[in-house]
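Take a look at the letters that make up each chain.
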Amino acid sequence: MSLTISFDLEEKDLEHLHDVMKRAADAAEKAGAESVIRASRELLSSIRSRNLPAFIGDRLAKLELLTAMVEDDDWAIPPPEREHVLSALAYFGDPNDMIPDSVPGFGFLDDAVMIELVVNEMRPEIEAYEDFCQFRERPSQAGAGSREDYLAAKRMELHSRMRRRESRSGARDSSGIRFSLW
């Protein structure tokens, strides 16, 4: 048996989450990218063996994808998006966030919600990165130059597509109103 729980985030709720993410961004900047990534990876590793609800486990897998985006030198994530991902990682890595991680069964619920918001807002970037990863798996085309040239051209194309999608869609709540965690 499964149970679906849904809730609406009103404008004041989104403003609160925006403030929380701003604090996480400030913490990420102070700690430095490597420290934030390391802390996130360590926490992910330590909680893999826990029996977490599927909703939370699914979001943690998305967090791993976000981490891979930041660490992937071939992808070279643009600075604004890199900062957004690092903010999400900093929030996740804070054991005393809105719901302390030590609360059994619910300690990562707020992390899962924030990850979902970040993933929703960064959908164009994530799709472009996933396409890049698939593209990278293919052998370079004959006459296309070096593998580095081949990847650079595809990266540029996908970054451009990512920007077009961002400008067309933006992050919107269920009423169609644009919001941003940053």
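Sequence order as written defines the numbering, with residues in each chain counted from 1. For this predicted model, a pLDDT threshold of at least 70 governs which residues receive local features, and a threshold of 80 or more governs which side-chain atom pairs are given and counted, while totals over whole chains, interfaces and linings are taken from all residues. Side-chain measures here rest on the full set of heavy atoms in the structure, leaving out hydrogens and waters.

Q: How should I be thinking about the overall build of the protein chain in this particular structure?
A: To qualify as a helix, a DSSP run of H or I must reach at least 4 residues; to qualify as a strand, a run of E must reach at least 2; elements of each kind are numbered from the N terminus. When you go through the protein chain residue by residue, the secondary structure sums to 7 helices and 0 strands. When the helices and strands of the protein chain are listed from N to C terminus, the series reads α-α-α-α-α-α-α. For the exposure calls, accessible area comes from a 1.4 Å probe over protein chains only, and a residue counts as buried if that area is under 20% of its type's maximum, exposed if over 50%, partly exposed in between. Looking at the protein chain residue by residue over its 182 residues, the buried ones come to 37%. The contact rule is simple, with two residues in contact once any of their heavy atoms fall within 4.5 Å. Summarising the internal contacts of the protein chain: among those between residues at least 6 apart in sequence, 68% fall at separations of at least 24. About 10,700 Å² of surface is accessible on the protein chain, with carbon and sulfur atoms providing 52% of the total. A 1.4 Å probe and the Shrake-Rupley method give the accessible areas. Residues count as covered only by the protein chains that appear here.

Q: Would you take a moment to explain the pattern of salt bridges for this structure?
A: One side chain can pair with another of opposite charge once the charged atoms of both are near each other. One side-chain nitrogen of Lys or Arg within 4 Å of one carboxyl oxygen of Asp or Glu is enough to make a salt bridge. Tallying each qualifying case throughout the model produces 8 salt bridges. A salt bridge links R161 to D131; its shortest N-O distance comes to 2.4 Å. Highlighted residues: R161 in helix α7 (residues 147-169) and D131 in helix α6 (residues 123-137), separated in sequence by 30 residues. When its relative accessible area of 27% is taken as the criterion, D131 is described as partly exposed. Put simply, E157 and K154 hold a salt bridge, and the shortest N to O gap is 3.2 Å.

Q: What is the right way to look at the packing of helix α3 (residues 54-71) against helix α5 (residues 109-121) in this model?
A: Helix packing geometry: the angle between the two helix axes and the distance between the axes. Each axis is a line fitted through C-alpha atoms, taken for helices only over the stretch in contact, and angles between the N-to-C directions span 0 to 180 degrees. At their nearest, the axes of α3 and α5 sit 9 Å apart, and the two run at 50 degrees to each other. Between α3 and α5, the crossing angle belongs to the class labelled oblique. Taken as a pair, α3 and α5 cross one another with a handedness that is left-handed. Residue-level inspection shows F55, I56, R59, L60, K62, L63 and L66 of α3 in contact with α5, the latter providing L109, A112, I115, E116, V118 and V119. Considered class by class, the residues forming the contact of α3 with α5 number 10 nonpolar, no polar and 3 charged. Roughly parallel covers angles under 35 degrees, roughly antiparallel covers those over 145, roughly perpendicular covers 65 to 115, and oblique covers all other angles. It is the rotation of the near helix from the far one that decides the hand of a crossing: anticlockwise by less than a right angle makes it left-handed, clockwise makes it right-handed. All amino acids are sorted into three groups, where Ala, Val, Leu, Ile, Met, Phe, Trp, Tyr, Cys and Pro are nonpolar, Asp, Glu, Lys and Arg are charged, and the leftover types, Gly among them, are polar.

Q: Even after reading the chapter, I still don't get the nonpolar core, so can you show me in this structure?
A: Considering soluble globular proteins, one finds that nonpolar side chains tend to be buried as a cluster. L66, W75, L86 and F92 are the most contacted members of the largest nonpolar core, which totals 45 residues. Dropping the residues within four chain positions of it, L86 is found in contact with A28, A33, V36, I37 and V70. Think of a nonpolar core as a cluster: buried Ala, Val, Leu, Ile, Met, Phe, Trp, Tyr and Cys residues, connected wherever their side-chain atoms sit within 4.5 Å.

Q: Explain the environment of L60 here, please?
A: Residue placement: L60 occurs in helix α3. Judged by its relative accessible area of 7%, L60 falls in the buried class. Apart from residues no more than four positions distant in its own chain, L60 is found in contact with L44, I47, L52, F92 and I115.

Q: I'm lost on the packing of α3 against helix α4 (residues 79-93) in this one. Help?
A: Where α3 meets α4, the axes come as close as 10 Å, and the angle between the chain directions of the two elements is 135 degrees. Our classification of the angle between α3 and α4 gives oblique. The handedness of the crossing between α3 and α4 comes out as left-handed. Residue-level inspection shows L60, L63, L66, T67 and V70 of α3 in contact with α4, the latter providing R82, V85, L86, L89 and F92. Within the contact of α3 with α4, the residues separate by chemical class into 8 nonpolar, 1 polar and 1 charged.

Q: Would you mind going over helix α1 (residues 11-31) with me for this structure?
A: Three- or four-residue spacings in an α-helix give side chains the same orientation, since the helix completes a turn every 3.6 residues. Here a helix's expected span is defined as the number of its residues, less one, multiplied by 1.5 Å. Counted at 1.5 Å a residue, the expected span for α1 with its 21 residues is 30 Å, and the 30 Å between its end C-alpha atoms agrees. Within the sequence span of α1, burial applies to L14, L17, V20, M21, A24 and A28. Along α1, the residues classed as buried sweep out an arc of 120 degrees about the axis, all on the same side. For α1, exposure combined with an orientation more than 90 degrees from the buried face picks out E11, K12, R23, E29 and K30. The positive-phi residue at the C-terminal boundary of α1 is G32, with phi of around 95 degrees. Throughout, the arc means that of the directions going from the helix axis to the C-beta atoms.

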